[in-house]
Amino acid sequence: MALITDDSVTLPAAPAGAPGLSADDREALRRAVLALEKPGLAARLSAAVGAPLDMIGRALPAPVTDVVARSTDAAMRTALRIALASLPAAKPATGRDLIDALDTPAPKRFANLFGSSETKHKVFAGLSGAVGGAFGLATLAVELPLSTTLMLRSIAEIARSEGEDLAKPENALACMQVFALGGRAGAETSLSDSGYFAVRAALAKTMAEAARYAGNKALLDEAAPALIRFSAQIASRFGLVVSQKVAAQAVPIVGAVGGAAVNVAFMDHFQATARAHFTVRRLERVYGQPAVRAAYELERAALGA
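Rules behind the numbers
Residues numbered from 1 in each chain as written. Predicted model: local features only at pLDDT ≥ 70, side-chain atom pairs only at ≥ 80, totals over all residues. Heavy atoms only, no water. Helix = DSSP H or I, 4+ residues; strand = E, 2+ residues; numbered from the N terminus. Buried < 20%, exposed > 50% of the residue type's maximum accessible area, 1.4 Å probe, protein only. Contact = heavy atoms within 4.5 Å. Areas by Shrake-Rupley, 256 points an atom, 1.4 Å probe, with all protein chains shown as cover. Phe/Tyr/Trp six-rings, centres within 6.5 Å; stacked < 30°, edge-to-face > 60°. Salt bridge = Lys/Arg side-chain N within 4 Å of Asp/Glu carboxyl O. Polar contact = N/O pair within 3.5 Å; in protein donor to acceptor, adjacent residues only side chain to side chain. Core = buried A, V, L, I, M, F, W, Y, C linked by side-chain atoms within 4.5 Å. Axes fitted to C-alpha atoms, helices over the stretch in contact; angles between N-to-C directions. Parallel < 35°, antiparallel > 145°, perpendicular 65-115°, else oblique. Left-handed = near helix turned anticlockwise from the far one by under 90°. Nonpolar A, V, L, I, M, F, W, Y, C, P; charged D, E, K, R; others polar.

Student: Where do I start with the overall build of the protein in this structure?
Tutor: A count of helical and extended segments in the protein gives 13 helices and zero strands. Shown N-terminal to C-terminal, the secondary structure of the protein runs as helices and strands in the order α-α-α-α-α-α-α-α-α-α-α-α-α. Among the 305 residues that make up the protein, the fraction classed as buried is 51%. Partitioning the contacts of the protein with sequence separation of at least 6, the portion at a separation of at least 24 is 79%. Taken as a whole, the protein presents about 13000 Å² of accessible surface, with 60% of it coming from carbon and sulfur.

Next up, the structure:
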């Protein structure tokens, strides 16, 4: 089943006057804008299962919505736990397993979870999606935290490749931020949407509070209000695309093969979002946020986003 990827899109000519960026960085920014402002998840899912867009975007029954909400919250708590586990402790901790974990550098702790390539992550996601497609909604509570963990592992790898130091709390939590950015609905759905920088601004306060807490605690309490608020804010947006995913897997006779294709499309979407997000962050470290945002808005206008 074919998937729609950003590489298949022909970009329009770059706008004149994009401030300060080199030609290569301007091209990287243009692709980031395309991924972030025209996410196209519903189109990917439709290609995966061969169903029309209106079927993928349909409203789910209330009982299903409740299951999706609970599973999404659990998935975000799992992702947050893994993100926090990547951080170095401020002081020695007790317990042999914990000490052994803290002896491993933070980036390697992420790497030890699964394999290293984006393709391998898609394969794992496809396998978990096959189970979901074969057994339906009953497996969501298990399958979604698993696929979310796989996505977080891939997101962390992409972040490192763009120069992020995952030993810093704000950078580790920026990996979590991708779930909210990838949860923005595209133009093909009726779900609410807002621009990339608007979503980052909405997340900025809770993310800063969570990062300060994570940076100042030796043994992190996942029930801390700062972390709960951050996780809940991410989950509220991530749940939008989880609903699309569940709707796609609910298409009649999708089965295991279709479920695998849906999860591969889901993984591909968040990998593209992560690559775009951390490209923007890399450019901000080089040129400063005002210059990158100005160039971003020029590219966004040129793309008609």
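Student: Can you help me understand the environment of S243 in this one?
Tutor: Relative to the elements of secondary structure, S243 occurs in helix α11 (residues 225-249). In this structure the C-alpha to C-alpha distance between S243 and A69, which are 174 residues apart in sequence, comes to 8.8 Å. Beyond its immediate chain neighbours, meaning those up to four positions away, S243 contacts L60 and V68.

Student: It is not clear to me how the packing of aromatic side chains should be interpreted in this structure. Could you clarify?
Tutor: Note on aromatic pairs: each is described by the distance of the centres and the angle between the planes. Taken as a whole, this structure holds eight aromatic pairs when the rule is applied. Ring geometry for F197 versus Y296: centroids 5.0 Å apart, planes at 80 degrees, classification edge-to-face. With F197 in helix α10 (residues 196-216) and Y296 in helix α13 (residues 289-303), this residue pair connects regions lying 99 residues apart in the sequence. Here F238 and F266 contribute two aromatic rings whose centre-to-centre distance is 6.1 Å and whose plane-to-plane angle is 35 degrees, an arrangement assigned as tilted. Of this pair, F238 sits in helix α11 while F266 sits in helix α12 (residues 255-287); the two residues are 28 residues apart in sequence, bridging distant segments of the chain. Taking the relative accessible area as the measure of exposure, F238 reaches 0% and is therefore buried. Here F266 falls in the buried class, since its relative accessible area comes to 1%.

Student: Is there a simple way to explain the pattern of salt bridges in this structure?
Tutor: Pairing between side chains becomes possible if they bear opposite charge and their charged atoms approach one another. What the rule picks out here adds up to 13 salt bridges. The partner of R285 in a salt bridge is E164, and the shortest N-O contact between them spans 2.9 Å. On the criterion of sequence distance, the pair formed by R285 in helix α12 and E164 in the loop between α8 (140-161) and α9 (169-181) is long-range, its members being 121 residues apart. The class for R285 is partly exposed, based on a relative accessible area of 45%. Among the residues examined, E164 registers a relative accessible area of 6% and is labelled buried. Here the residues in one salt-bridge network are D25, E162, R275 and R282, joined through shared partners.

Student: What am I meant to see in the side chain of S147 here?
Tutor: Mapped onto the fold, S147 is located in helix α8. At 3.1 Å, the side chain of S147 and the backbone oxygen of L144 are in polar contact.

Student: Any chance you could explain the nonpolar core here in plain terms?
Tutor: Side chains of a nonpolar character, in soluble globular proteins, are inclined to be buried together. By size, the foremost hydrophobic cluster in this structure holds 70 residues, and its most contacted members are L29, F179, F238 and V280. Residues in contact with F179, not counting those within four places in the same chain, are M76, A79, T148, M151, L152, I155, I234, F238 and F270.

Student: Where do I start with the environment of H277 in this structure?
Tutor: If you trace the backbone, H277 turns up in helix α12. Judged by relative accessible area, H277 falls into the buried class, the value being 0%. Linking H277 and V178, residues 99 residues apart in sequence, is a C-alpha distance of 7.3 Å. Side chain to side chain, H277 and Q177 meet in a polar contact 3.0 Å long.

Student: So what exactly am I meant to see when it comes to the side chain of T279 here?
Tutor: Looking at the secondary structure, you find T279 in helix α12. A residue is classified by how much of its surface remains accessible, and T279, at 5% relative accessible area, is buried. If we skip the residues at most four places from it in the chain, T279 touches A28, A32 and E162.

Student: Can you help me understand the packing of α8 against α9 in this one?
Tutor: The description of two packed helices rests on the angle between their axes and on the distance between the axes. Running from N to C, α8 and α9 point in directions that differ by 120 degrees, and their axes come no closer than 9 Å. When the interaxial angle is binned, α8 and α9 end up oblique. Our pair here, α8 against α9, has a crossing hand that is right-handed. Only C175, V178 and F179 of α9 make contact with α8, whose side of the interface consists of T148, M151, L152, I155, A156 and A159. Residue composition of the contact of α8 with α9, grouped by class: eight nonpolar, one polar and no charged.

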